[in-house]
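Survey of secondary and tertiary structure
The primary structure of each chain is shown beneath.
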Amino acid sequence: MATLAFHDFPKPVAETAAPASDHAAADRPAALRLVGFASMAVPIAGAGLPLAIFVPQLYATHFGIPLATIGFIFLLGRLWDVASDPIVGVLSDRTRSRFGRRKPWIAGGGLLFGLGSALLFFPPAALVGPLYLGLVLFVFYFGWTMIEIPFSAWAGEIDRDYHGRTRVVTYQLTLRSIGLLLTLILPTLLDQIRPGDGALKLQVVGGFILVTLFPALAASLLAFREAPLPTVAPRRAGFWKTVRIVFSDRLLLRVLASDVAVTAGQSIRAGLIVFFAVNYMGLPAWASGLYLLQFVFGVLAGPIWLRIGYRFGKRQTAILGELSQAAINIALILVFPGMLWLLVALAAAQGLTQGSGNLMLRAMVGDVADAHRVKTGHDRTGLFYSVFSLSAKLGPALGIGLALPLVAWFGFAPKGASTPGALEALKYVFALGPAAAHILAAALIWRFPLDQTAYAEVRRALDQSETRTPTA
């Protein structure tokens, strides 16, 4: 098997001069099938961001769990995922069944995810406490992992063309944005009718997840057949040796670190936006409306950034998107009570830029996994996406785990009156925390070497060496 070292890739250049795609448009997966496949993102999204927005607020204000305790529980839950994600990734790569490698995990994960969602969003008041929240999050996150890792790896295998892979991920993230939009519509309407009824809002979100989960699960599992397994099975390494090999891949580590920064910034914004709208701006009726507005525009963001990615390539597009989001967040410093118009404008701008970095970085993981396969002969796509998915869990853990205790340390109280200084601190953490994270994300991939030209070499090496014996 040919070997490619990190320094073998050419230095990044403008990707507009890259070779034409080797994947004919006629061979690309049909749009309708991609919609069916990506529909699993709808219930996942229905739980993801609302989990960060509504659950901390409700469990703090309605059930009386301290903010610092909630932040600690979320941190522990995400750290559990740090251990479970690589395990699921390795087992998914090694699974052999007549249904495929990925489908059995997605089906089993769907059942656990449904159970965890029911317990989390419809909590029995008599049982709720820190222990209950911790146990439910354990089940919820593990079911999520069993879906998300094979689902992401399968997406990277459906279309292995440089831009085709971005297209598949765009369908996933666009359906995710639609799921978020649908999730937020009903809570926004409830804010107009029954503002402050957090328990009802949580039940509406939970109902949406459970109603959409099983139809989406069926549509995703039936959309495509999985790609055939390699004709020559690589030698198996032990689990810990495999993990060490993966975590020594510098390309993957850079993509992972960048996405940790992206998701940390997004989670700070998500975790504080309700408090900012209600306590700083004095607009409880807009607590959900701001995110609804953002995701109305966010539905348009995926196709827009896909076209930008076609023009400039994944790395440059991700950097542009992250710096744009940083500038929008910094502008929040200029927002004061009574300036709803500026807050609305910034929310719309945030929607048009949201997910740009997530989209490109997620598509880059498949390219990195192919480069790893050229070096070692091992197809570890599932494991690579499991490692990448840690960023979607570690980032929010860092964001919520740091932001909530920080604003509490400055004296902010979600119930009762806060001092003007504490409210100003809330605004600055809400604005500058995400901005710093997005700038860091852009810096981490500033000179990422695996561009379209380099990936074309990887693809050619795979086509020439696919049946040779692996070397590592």
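The rules behind each value
- Residues numbered from 1 in each chain as written.
- Predicted model: local features only at pLDDT ≥ 70, side-chain atom pairs only at ≥ 80, totals over all residues.
- Heavy atoms only, no water.
- Patch = residues over 30% accessible without salt bridge, like charges linked within 9 Å, V, L, I, M, F, W, Y side chains within 5 Å.
- Areas by Shrake-Rupley, 256 points an atom, 1.4 Å probe, with all protein chains shown as cover.
- Salt bridge = Lys/Arg side-chain N within 4 Å of Asp/Glu carboxyl O.
- Helix = DSSP H or I, 4+ residues; strand = E, 2+ residues; numbered from the N terminus.
- Buried < 20%, exposed > 50% of the residue type's maximum accessible area, 1.4 Å probe, protein only.
- Phe/Tyr/Trp six-rings, centres within 6.5 Å; stacked < 30°, edge-to-face > 60°.
- Lys NZ or Arg CZ within 6 Å of the ring centre and 35° of its normal.
- 1 Å grid on protein atoms, 1.4 Å probe; cavity = no way out; pocket = protein on both sides within 12 Å on 5 of 7 lines; lining within 4 Å.
- Points joined across faces, edges and corners; volume = space filled by probe spheres on them.
- Nonpolar A, V, L, I, M, F, W, Y, C, P; charged D, E, K, R; others polar.
- Axes fitted to C-alpha atoms, helices over the stretch in contact; angles between N-to-C directions.
- Parallel < 35°, antiparallel > 145°, perpendicular 65-115°, else oblique.
- Left-handed = near helix turned anticlockwise from the far one by under 90°.
- Contact = heavy atoms within 4.5 Å.
- Lys, Arg positive; Asp, Glu negative; His and termini not counted.
- pLDDT = per-residue confidence, 0-100.

Re a nonpolar patch on the surface
Judged by side-chain polarity, Leu323, Ile330, Tyr428, Leu432, Ile439 and Trp446 come together as a nonpolar surface patch covering roughly 540 Å² of accessible area. Here the nonpolar patch gets three residues from one element, more than from any other, and that element is helix H15 (residues 420-444). Here Tyr428 lies in helix H15. Judged by its relative accessible area of 37%, Tyr428 falls in the partly exposed class.

Examining the packing of aromatic side chains
Applying the stated criterion across every chain, the model contains 13 aromatic pairs. Taking 5.5 Å as the distance between ring centres and 65° as the angle between the ring planes, the aromatic pair formed by Phe275 and Phe412 counts as edge-to-face. With a gap of 137 residues between them, Phe275 in helix H9 (residues 250-280) and Phe412 in the loop between helix H14 (381-409) and H15 connect regions that are remote in the sequence. Residue class for Phe275 comes out buried when judged on its relative accessible area of 5%. Taken together through their ring pairs, the aromatic side chains of Phe37, Phe151, Trp154 and Phe224 make up a single cluster. Looking at Lys314, its charged tip hangs above the ring of Tyr162, at a distance of 4.0 Å from the centre.

Thoughts on empty space enclosed by the protein
Applying the stated criterion across every chain yields a total of three cavities of 30 Å³ or more. In this structure, the largest cavity encloses a volume near 880 Å³. Arg176, Leu180, Thr263, Gln266 and Asn358 are, among the 44 residues lining the largest cavity, the residues nearest its centre. Of all elements in the fold, only helix H2 (41-61), helix H3 (67-94), helix H5 (130-158), helix H6 (162-193), H9, helix H10 (289-312), helix H13 (356-376) and H14 reach the threshold of two or more residues within the lining of the largest cavity. With eight residues, the top contributor of residues to the lining of the largest cavity is H14. Among the residues making up the lining of the largest cavity, the classes are represented as 20 nonpolar, 17 polar and seven charged.

Details of the packing of H5 against H14
Put simply, H5 and H14 touch, their axes get as near as 9 Å, and they point 125° apart. When the axis of H5 is compared with that of H14, the two are oblique. The way H5 lies across H14 gives a crossing that is right-handed. Seen from H5, the contacting residues are Thr145, Ile149, Ser152, Ala153, Gly156 and Glu157; seen from H14, they are Thr381, Gly382, Tyr385, Ser386, Ser389 and Lys393. Taken together, the residues that form the contact of H5 with H14 break down as three nonpolar, seven polar and two charged.

A closer look at the side chain of Glu322
Along the chain, Glu322 falls in helix H11 (residues 314-330). Buried charged residue Glu322 carries no salt bridge. Nearest counter-charge: Arg269, at 12 Å. Apart from residues no more than four positions distant in its own chain, Glu322 is found in contact with Val262, Ser356, Gly357, His438, Ala441 and Ala442.

Here we look at the confidence of the model for the chain
Scored by pLDDT, the chain has a mean of 81; 89% of the residues are at 70 or more. When the elements of the chain are averaged for pLDDT, helix H8 (residues 239-247) gives the smallest value, 73, and H11 the largest, 92. Residue range residues 1-24 is modelled with pLDDT below 50. Its contacts to residues more than four positions away, or to other chains, number 63 contacts.

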